[in-house]
Amino acid sequence: MNALKTNNLKKSYGSNIALNGITLTIERNEKIALLGCNGAGKSTLLSIVMGLKTQSSGACEVLGAKPNDFKNKSKINFLPQSLNFPEELKVKEVFKIVKSGENSSETKNKSFQSIAEDLGISELLDKKTSKLSGGEKRKVGLALSLTREPEITILDEPTANIDLLGKEKIYKALEKQIRDKQGTLIFSSHEMKEVERLAKRVIVLNKGEVVADGSVDEIKSMFGLKKVTFKTSSSTSDELNFSAFKKYEFHRHEHIVYGKNSDQILKSIFEQNIDFRDLKVFEPDLEEIFIKIWSK
Amino acid sequence: MNKIFTHTWWMCLELFRQPSYFVATVAFPSLFYVIFAIPESKTIESSNTLLASFSCFAVFGVLFLQFGVGISQERSTSWYHYLRTLPLKTFHLTIARFITAYIFASLSVSFLVILSILFTKTELDFRNWLLFVFSLATLGLPFCFMGLCLGYFSNLKTALPIGNLIYLPLSFAGGLWKPPELLSENLNKISLYLPTRQYGEALWAIALNQSVPQRALYTLLFYLLFFAVVTYIGAKRDYTKRYQ
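Model, not experiment: these values are computed from the prediction. (Residues numbered from 1 in each chain as written. Chains lettered and ligands numbered in written order. Predicted model: local features only at pLDDT ≥ 70, side-chain atom pairs only at ≥ 80, totals over all residues. Heavy atoms only, no water.)

1. Quick look at a nonpolar patch on the surface
All names here are of chain B. Quick note on the threshold: Candidates for patches are residues over 30% relative accessible area with no salt bridge; among them, like charges are joined within 9 Å and nonpolar side chains (Val, Leu, Ile, Met, Phe, Trp, Tyr) within 5 Å. The Shrake-Rupley method, run with a 1.4 Å probe sphere, supplies the accessible areas, and residue values consider only the shown protein chains as cover. Take a side-chain nitrogen of Lys or Arg and a carboxyl oxygen of Asp or Glu: if they are within 4 Å of each other, that pair is a salt bridge. For the purposes of this entry, the term helix denotes a DSSP run of H or I that reaches at least four residues, the term strand denotes a run of E that reaches at least two, and both are numbered from the N terminus.
Taken together, Phe16, Phe91, Ile95, Ile99 and Ile103 make up a surface patch of nonpolar side chains, about 400 Å² in accessible area. Considering each element in turn, the nonpolar patch owes the most residues, four residues, to helix α5 (residues 90–119). Along the chain, the position of isoleucine 95 falls in helix α5.

2. Describing the pairing of strand β3 (residues 31–35) of chain A
Residue and element names in this part refer to chain A. Cut-off, in case you're wondering: We call a residue buried when its accessible area falls under 20% of the maximum for its residue type, exposed when it is over 50%, and partly exposed in between, using a 1.4 Å probe and counting protein chains only. Two strands form a pair only when DSSP identifies at least two bridges running between them.
The element β3 is extensively covered by neighbouring structure, given that five of its five residues are classed as buried. Alignment of β3 against strand β7 (residues 184–189), held across five bridges, turns out to be parallel. Each bridged residue has a counterpart across the sheet, and for isoleucine 32 the counterpart in β7 is isoleucine 186. Relative to strand β8 (residues 201–206), β3 runs parallel, the two sharing four bridges. Across the sheet, residue alanine 33 finds its bridge partner in β8, namely valine 202.

3. Here we look at the sheet that holds β8 of chain A
Residue and element names in this part refer to chain A. Our working rule: Angular values range over 0 to 180 degrees, each being the angle between N-to-C directions of two axes fitted as lines to C-alpha atoms, with helices fitted over their stretch in contact.
Strand order in the open sheet formed by six strands is β5-β6-β7-β3-β8-β9, and the pairing between neighbours is mixed. Of all strands in the sheet, those bounded by a partner on one side alone are β5 (76–79) and β9 (209–214). Neighbouring strand axes in the sheet, compared pairwise and without regard to direction, differ in orientation by 15° on average.

4. Looking at the side chain of serine 188 of chain A
Residues and elements named next belong to chain A. Definition in use: For this analysis, a polar contact is any N or O atom pair within 3.5 Å, provided that within protein one partner can donate a hydrogen and the other can accept it, and provided that sequence-adjacent residues contribute only side-chain to side-chain pairs. In what follows, a contact means two residues having at least one pair of non-hydrogen atoms within 4.5 Å.
Structurally, serine 188 is set in strand β7. Using a relative accessible area of 0% as the deciding quantity, one classes serine 188 as buried. Polar side-chain contacts of serine 188 include one of 3.0 Å to the backbone nitrogen of glutamate 157. In this structure serine 188 touches Leu34, Lys42, Leu46, Leu155, Asp156, Glu157, Pro158 and Glu194, once residues within four positions along its chain are discounted.

5. Quick word on the packing of helix α3 (residues 44–75) of chain B against helix α8 (residues 159–173) of chain B
All names here are of chain B. The following threshold applies: For classification, angles of less than 35 degrees are called roughly parallel, those exceeding 145 degrees roughly antiparallel, those between 65 and 115 degrees roughly perpendicular, and all remaining angles oblique. For any pair of crossing helices, the crossing counts as left-handed if the nearer helix is rotated counterclockwise from the farther one by less than a right angle, and right-handed if it is rotated clockwise.
Viewed as axis vectors pointing N to C, α3 and α8 meet at an angle of 165°, and their least axial separation amounts to 10 Å. It follows from the interaxial angle that α3 and α8 lie roughly antiparallel. Judged by the twist between their axes, the crossing of α3 over α8 is right-handed. Of the residues in α8, those touching α3 at Phe57, Phe60, Gly61, Phe64, Leu65, Val69 and Ser72 are Ala159, Leu160, Gly163, Asn164, Ile166, Tyr167, Leu170 and Ser171.

6. Let's talk about the interface of chain A and chain B
To keep things clear, this is the line we draw: Put simply, buried area is how much 1.4 Å-probe accessible surface two parts lose in total, over both of them, once they are put together. Residue polarity follows a fixed list, in which Ala, Val, Leu, Ile, Met, Phe, Trp, Tyr, Cys and Pro are nonpolar, Asp, Glu, Lys and Arg are charged, and the others, Gly among them, are polar.
The partner chain B presents 25 residues to the 34 residues of chain A that form the contact. Both faces combined, the contact of chain A with chain B buries some 2,600 Å², and carbon together with sulfur accounts for 60% of it. Among the ionic pairs, arginine 17 of chain B bridges to glutamate 93 of chain A, the shortest N-O distance being 2.8 Å. Seen at the junction of chain A and chain B, the total is six residue pairs in polar contact (both at pLDDT 80 or more). Secondary-structure elements contributing two or more residues to the side of chain A that touches chain B are β5 and α2 (91–99) of chain A. Among the elements that line the side of chain A that touches chain B, the one with the most residues is α2 of chain A, at five residues. Of the residues in the side of chain A that touches chain B, the class split is 14 nonpolar, nine polar and eleven charged.

7. With respect to the side chain of serine 78 of chain B
By the secondary structure assignment, serine 78 of chain B is in helix α4 (residues 78–83). When neighbours within four sequence positions are excluded, serine 78 of chain B is seen to be in contact with Ser82, Leu83 and Asn84 of chain A.

8. Structural notes on the environment of arginine 201 of chain A
Residue and element names in this part refer to chain A. Inspection of the secondary structure assignment puts arginine 201 in strand β8. Taking the C-alpha atoms as reference points, arginine 201 and glycine 214, 13 residues apart in sequence, are found 5.3 Å from one another. The residues touching arginine 201, leaving out its near neighbours within four places in the chain, are Leu24, Thr25, Ile26, Glu30, Lys31, Ile32, Ala33, Asp213, Gly214 and Ser215. A polar atom in the side chain of arginine 201 sits 3.0 Å from the backbone oxygen of threonine 25.

9. A word on the pattern of salt bridges
Residue and element names in this part refer to chain A. Counted under the stated rule, the structure contains 21 salt bridges over all chains. Among the salt bridges present, the one from arginine 197 reaches glutamate 168, with a minimum N-O distance of 3.0 Å. On the criterion of sequence distance, the pair formed by arginine 197 in helix α7 (residues 192–198) and glutamate 168 in helix α6 (residues 164–180) is long-range, its members being 29 residues apart. The exposure class of arginine 197 is partly exposed, given its relative accessible area of 27%.

10. Points about empty space enclosed by the protein
How we decide: Definitions used for this entry: grid spacing 1 Å over protein atoms alone; cavity, a set of points where a 1.4 Å probe fits but cannot get out; pocket, an open set with protein on both sides within 12 Å along at least 5 of 7 lines; lining residue, one with an atom within 4 Å of a point. Grid points are joined across faces, edges and corners, and a volume is the space filled by probe spheres set on the points.
Following the criterion strictly, the structure yields one cavity of 30 Å³ or more and no others. Taken as a whole, the largest cavity spans an internal volume of roughly 50 Å³. Together, Val49, Met50, Pro67, Lys73 and Ile76 of chain A together with Thr85 of chain B line the largest cavity. Here the lining of the largest cavity is built from residues that sort into four nonpolar, one polar and one charged.

11. Overview of helix α7 (residues 141–153) of chain B
Basically, it comes down to this: To estimate the expected span of a helix, subtract one from its residue number and multiply by 1.5 Å.
A rise of 1.5 Å per residue sets the reference length of α7 of chain B, with its 13 residues, at 18 Å; its end C-alpha atoms lie 19 Å apart and thus fit the reference within 8%. Counting buried positions along α7 of chain B yields eleven of 13 residues, so the element is predominantly enclosed.

12. Quick notes on the sheet that holds strand β1 (residues 4–13) of chain A
Residue and element names in this part refer to chain A. One open sheet accounts for three strands, arranged β2-β1-β4; its pairing is antiparallel. At either margin of the open sheet sits one strand with a lone partner, and together these are β2 (16–26) and β4 (57–62). Shown here is a sheet whose adjacent strand axes are inclined to one another by a mean of 25°, direction ignored. Relative to β4, β1 is paired through five bridges, and the arrangement is antiparallel. Counted as the bridge partner of lysine 10 is serine 57 from β4.

13. A closer look at the confidence of the model for chain B
Residues and elements named next belong to chain B. The test is simple: Residue-level confidence of the predictor, termed pLDDT, takes values from 0 up to 100.
When pLDDT is averaged across chain B, the result is 91; 99% of the residues are at 70 or more. Helix α10 (residues 195–207) holds the highest mean pLDDT among the elements of chain B, 96, whereas helix α2 (residues 19–37) holds the lowest, 87. Across the assembled chains, the prediction reports ipTM 0.82 with pTM 0.82.

14. Quick look at the pairing of β9 of chain A
Residue and element names in this part refer to chain A. In the sheet, β8 pairs with β9 via five bridges, with the strands oriented antiparallel. If you follow asparagine 206 over to β9, its bridge partner there is glutamate 209. Between the end of β8 and the start of β9, which pair antiparallel, lie two residues, with lysine 207 showing a positive phi angle near 50°.

15. Regarding the packing of α2 of chain A against helix α5 (residues 134–147) of chain A
All names here are of chain A. At a minimum axis separation of 10 Å, α2 and α5 run at an interaxial angle of 35°. Between α2 and α5 lies a crossing of right-handed hand. Listed contacts from α5 to Val91, Val94, Phe95, Val98 and Lys99 of α2 are Val140, Ala143, Leu144 and Thr147. For the contact of α2 with α5, the residue count by class is seven nonpolar, one polar and one charged.

Below, the structure is given as structure tokens:
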């Protein structure tokens, strides 16, 4: 049984098309990052998966059942993009409410103290939720997700509005979660660092369609170019030939060669007997790749 | 059962910690009672009747106005949508809301009862007290559904003004502030068809140790079914609008 399977999934709001035929299969225990610029359809897709929205057409199955199947609710955990809590309640009381939904007494009794410590929010447990900052609310929401132990965890932009130190704690907590527990993780994000650290597979959406699907390395090799830079004492580039590669730039004494394969670029440099210094090889930058995909 | 208990617990906690809500809900009917009812409670009969009137007013206020406005506010929050993703049924939350509303209605009535015992000639035997409390709760059920209708057919901004537009006139026209015989002739005729009037009729009869008029029971049953159907339509409409 797959964790998630969609077939030609479409969703429109009047004439506005949010999802335009998404066909996906996500196996159990996969770690997936869902990427796309604002309005690409990420949140709509996650809302359909969670049963918070209904598709206009197409099929969606979560753990072999319809998205809003009650039996699956304890197996799926969701952190929405925006989550506010009842203002008069304390954080620990909110935890109690969320944990009350657990069927297994073992899971129910599991302390959220360790998760709170991992995320650095232990001191917030006795605080009223109305006194929390935006970032603290986000961390509490994430802690709620991590204290439950479902088969699928779905996080919609888990680190939005969180400072750098907070993000680092979240990455570590999620990495620990991935390391220690089995389960499918699907998260949407705009943070490339987050994607590279947590995801094994990346699904890129643009205008409601899947435009790229693969591992981070596959996406990089599919869409990105490796960059080799070096310097020479010569102020011209007339004697050099890099026409076999995608792109070549020369700025004063610095040469930049772009190509799919960095080994071939290096081979070409050596074959031309170039007297170089400061040779550097750069991996394709995910952010640049996505900007390229989305601007198409 | 545990889920219903947990959700009732946090809903009550949330409201108890809001002094403005708690005081307004509990104190408003008591304040009216002290100003308008206690000076008029000169005999056992008038004391019992006025206690019944203001108890109906208190229960109506909590079950319809506070409950309805609360649902309308709650529907607009991300927390409400988040709860839908947890292993919970709508049933659990709805029952928890009903119980919470009844807890506050009971508190509101308790204060009235204490005031009536201390400062008026109210006299009911044990059986009638039980019947009085039981009838207040069960016959007040149409107002719960009326509150659900308000919650589903209004939004955050409109719930309170719309609620007040219904709550205050219905209380007055139902004879809960002053006896129906003091209403104008035309208003008195209309009043007979109102749920608040028939709620009052039933409770006045119990307070005076008389049998409850059948018309009151049938009218309240009609309103219960009517508002249950409208609630169903409202909930479906809300679901379609929000989740489809």
